[in-house]
Amino acid sequence: MTPRSHKVSIVALSGLLVTAALVCAACGGAGSSASGRSSGASARGGASVTSSDGAPRRVRRPAPPAYPHVLAAAGGTQPTDFVPAVRWRGQTAVWVARRSGVALLSFNQRLVELRLHSGTVDAGASGWRYGPSIVGRERHRLVGVFNGGFKLDTGSGGFTLGGRTAVALTRGLGSIVTYSSGLTDVGAWQEGVPASGQAVTSVRQNLDLLVSGGRPASNLACVRCWGATLGGVAAPARSALGVTRDGRLIWAGGENLTPAGLAAALVGANVQRAVELDINPEWVAAYLYGHHRELTPVPIVPGQPGVPGQFLAPYSRDFFTVVAR
């Protein structure tokens with residue numbers, strides 16, 4: 001090799017080394033930039049992974065589950081007209097009102113639905129679509145719970161759930177009827193309910209209608225006609241469920257109510273038809289439920305003794321859950 005050709009080769013080699021250094025520097029810069037973006041993504045709560053082509057990509061973590069949100073008014077004790085008590089998907093699902101001696105809950109059926117549960121005794125623990133325990137998905141969507149009707153052996157009404165019957169239904173009795181659509185209506189059996197062409201999933205009957213056509217029943221002065229009371233008192237704990245003209249469900253209950261007082265509270269809430277539910281302190285209770293690390297019951301009736309387990313443990317009597325759609 002001549003000195004001239006040797007000099008040219010050295011120059012060419014030097015150029016190649018410079019070019020390679022620049023390329024490597026660029027590679028290092030890109031890597032540093034990607035690393036910076038990855039750190040930023042992690043700081044924002046994302047996870048960084050490398051795809052098959054070597055490019056880093058951010059994977060979004062799943063959003064936390066949404067739960068019905070209980071508002072402060074749910075736990076109040078002072079008299080109030082209907083105020084929002086539970087929010088679901090940005091809308092009011094439940095309102096609460098407290099008047100003289102009575103608490104009321106108003107349920108928006110576009111956002112929640114009613115489910116009839118059997119108890120361990122009424123109507124028995126096994127074989128029912130919804131049994132004496134609140135389990136699984138229902139717990140995650142639980143909005144509220146309230147008591148059912150009289151013991152089934154009193155002959156006060158029928159019970160059917162999911163195509164199975166514990167006590168046969170009787171024509172004309174006040175009935176809480178839930179359809180496969182999730183909507184619930186209240187009326188006299190075969191004299192207003194069920195609606196034609198609607199598949200029925202549950203019916204709970206209890207006595208005659210307490211309110212019909214927006215007016216109290218005509219025999220409210222006959223206290224014994226509306227159930228046997230502990231100690232024979234006229235105004236024990238009482239409860240009822242009704243429906244307004246626009247389809248809102250209204251639960252009402254109190255610790256010292258006559259049949260007339262309970263009916264008047266329902267009519268005052270624009271209820272068109274209502275069924276009296278259970279009576280006496282041990283069996284009247286309603287709760288809304290906060291969702292934190294565990295379900296937190298919020299009692300609705302001031303001074304209510306409540307029920308064992310607050311409906312979250314297996315309960316002996318039938319009851320209704322209110323579940324977010």
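Residues numbered from 1 in each chain as written. Predicted model: local features only at pLDDT ≥ 70, side-chain atom pairs only at ≥ 80, totals over all residues. Heavy atoms only, no water.

A. Region of interest: the environment of Arg-87. In this fold, Arg-87 is placed in strand S4 (residues 80-88). Judged by its relative accessible area of 33%, Arg-87 is partly exposed. Linking Arg-87 and Ala-324, residues 237 residues apart in sequence, is a C-alpha distance of 9.9 Å. If we ignore the near neighbours within four places in the chain, the residues touching Arg-87 are Pro-68, His-69, Leu-71, Thr-92 and Ala-93. Within the structure, Arg-87 has its side chain in polar contact with the side chain of Thr-92 (distance 3.3 Å). (Helix = DSSP H or I, 4+ residues; strand = E, 2+ residues; numbered from the N terminus. Buried < 20%, exposed > 50% of the residue type's maximum accessible area, 1.4 Å probe, protein only. Contact = heavy atoms within 4.5 Å. Polar contact = N/O pair within 3.5 Å; in protein donor to acceptor, adjacent residues only side chain to side chain.)

B. Inspection of the nonpolar core at higher detail. In terms of nonpolar packing, the biggest core is built from 43 residues, with Val-94, Leu-105, Phe-107, Phe-146, Trp-251 and Leu-288 touching the most fellow members. In this structure, Phe-107 is in contact with Ala-93, Val-94, Val-112, Phe-146, Arg-248, Leu-249, Trp-251 and Val-322, ignoring residues within four places of it in sequence. Of all hydrophobic cores here, the second largest spans 22 residues; its members include Leu-104, Leu-207, Trp-226 and Leu-262. (Core = buried A, V, L, I, M, F, W, Y, C linked by side-chain atoms within 4.5 Å.)

C. Examining the state of the cysteines more closely. By the definition in use, this model includes one disulfide. One disulfide in the model links Cys-222 with Cys-225; its S-S distance is 2.0 Å. In this structure, the disulfide formed by Cys-222 and Cys-225 twists by about 75 degrees around the S-S bond and is classed as right-handed. Judged by relative accessible area, Cys-222 falls into the partly exposed class, the value being 21%. You can call Cys-225 partly exposed: its relative accessible area is 33%. (Disulfide = S-S within 2.5 Å.)

D. Main features of the sheet that holds strand S6 (residues 102-107). Ordered by their spatial adjacency, nine strands build an open sheet running S3-S4-S5-S6-S17-S16-S18-S14-S15, and the pairing between neighbours is antiparallel. Either end of the sheet is taken by a strand with one partner, and the two such strands are strand S3 (69-70) and strand S15 (215-216). Summarising the sheet, S3 and S4 pair through two bridges and their orientation is antiparallel. Among the inter-strand pairings, Val-70 is bridged to a residue of S4, identified as Val-86. Strand contacts of helix H3 (residues 259-268): strand S5 (91-99), S6, strand S14 (209-212), S15, strand S16 (238-244), strand S17 (249-254) and strand S18 (271-279), with the helix running at about 35 degrees to S14, the strand carrying the most contacts. (Pairing = 2+ DSSP bridges. Axes fitted to C-alpha atoms, helices over the stretch in contact; angles between N-to-C directions.)

E. Representation of the pattern of salt bridges within the structure. Here the structure, examined in full by the defined rule, presents twelve salt bridges. Glu-191 is the salt-bridge partner of Arg-171, the closest N and O atoms lying 3.6 Å from each other. Here Glu-191 lies in the loop between strand S12 (184-188) and strand S13 (200-205) and Arg-171 lies in the loop between strand S10 (164-167) and strand S11 (174-179), a separation of 20 residues in the sequence. Where Glu-276 meets Arg-238, a salt bridge forms, and the shortest distance between an N and an O atom there is 3.0 Å. Separated by 38 residues along the polypeptide, Glu-276 in strand S18 and Arg-238 in strand S16 bring together distant segments of the chain. When salt bridges with common partners are traced through the structure, they connect Glu-113, Arg-115, Glu-138 and Arg-325 into a single cluster. (Salt bridge = Lys/Arg side-chain N within 4 Å of Asp/Glu carboxyl O.)

F. Highlighting the sheet that holds strand S20 (residues 295-299). The five strands lie next to each other as S7-S21-S8-S19-S20, forming an open sheet whose pairing is antiparallel. Either end of the sheet is taken by a strand with one partner, and the two such strands are strand S7 (112-117) and S20. Neighbour-to-neighbour, the strand axes of the sheet open up by a mean angle of 25 degrees, direction not taken into account.

G. Highlighting the pairing of strand S8 (residues 142-147). Of all six residues in S8, six are buried, a share of seventy percent or more. For S8 and strand S21 (residues 319-324), the ladder comprises five bridges, and the chain directions are antiparallel. Opposite Asn-147, over in S21, you have Phe-319 as the bridge partner. Across three bridges, S8 lies against strand S19 (residues 286-291) in antiparallel orientation. When the sheet's bridge partners are listed, Gly-144 is paired in S19 with Leu-288.

Function cannot be read off these values alone, since they describe shape.
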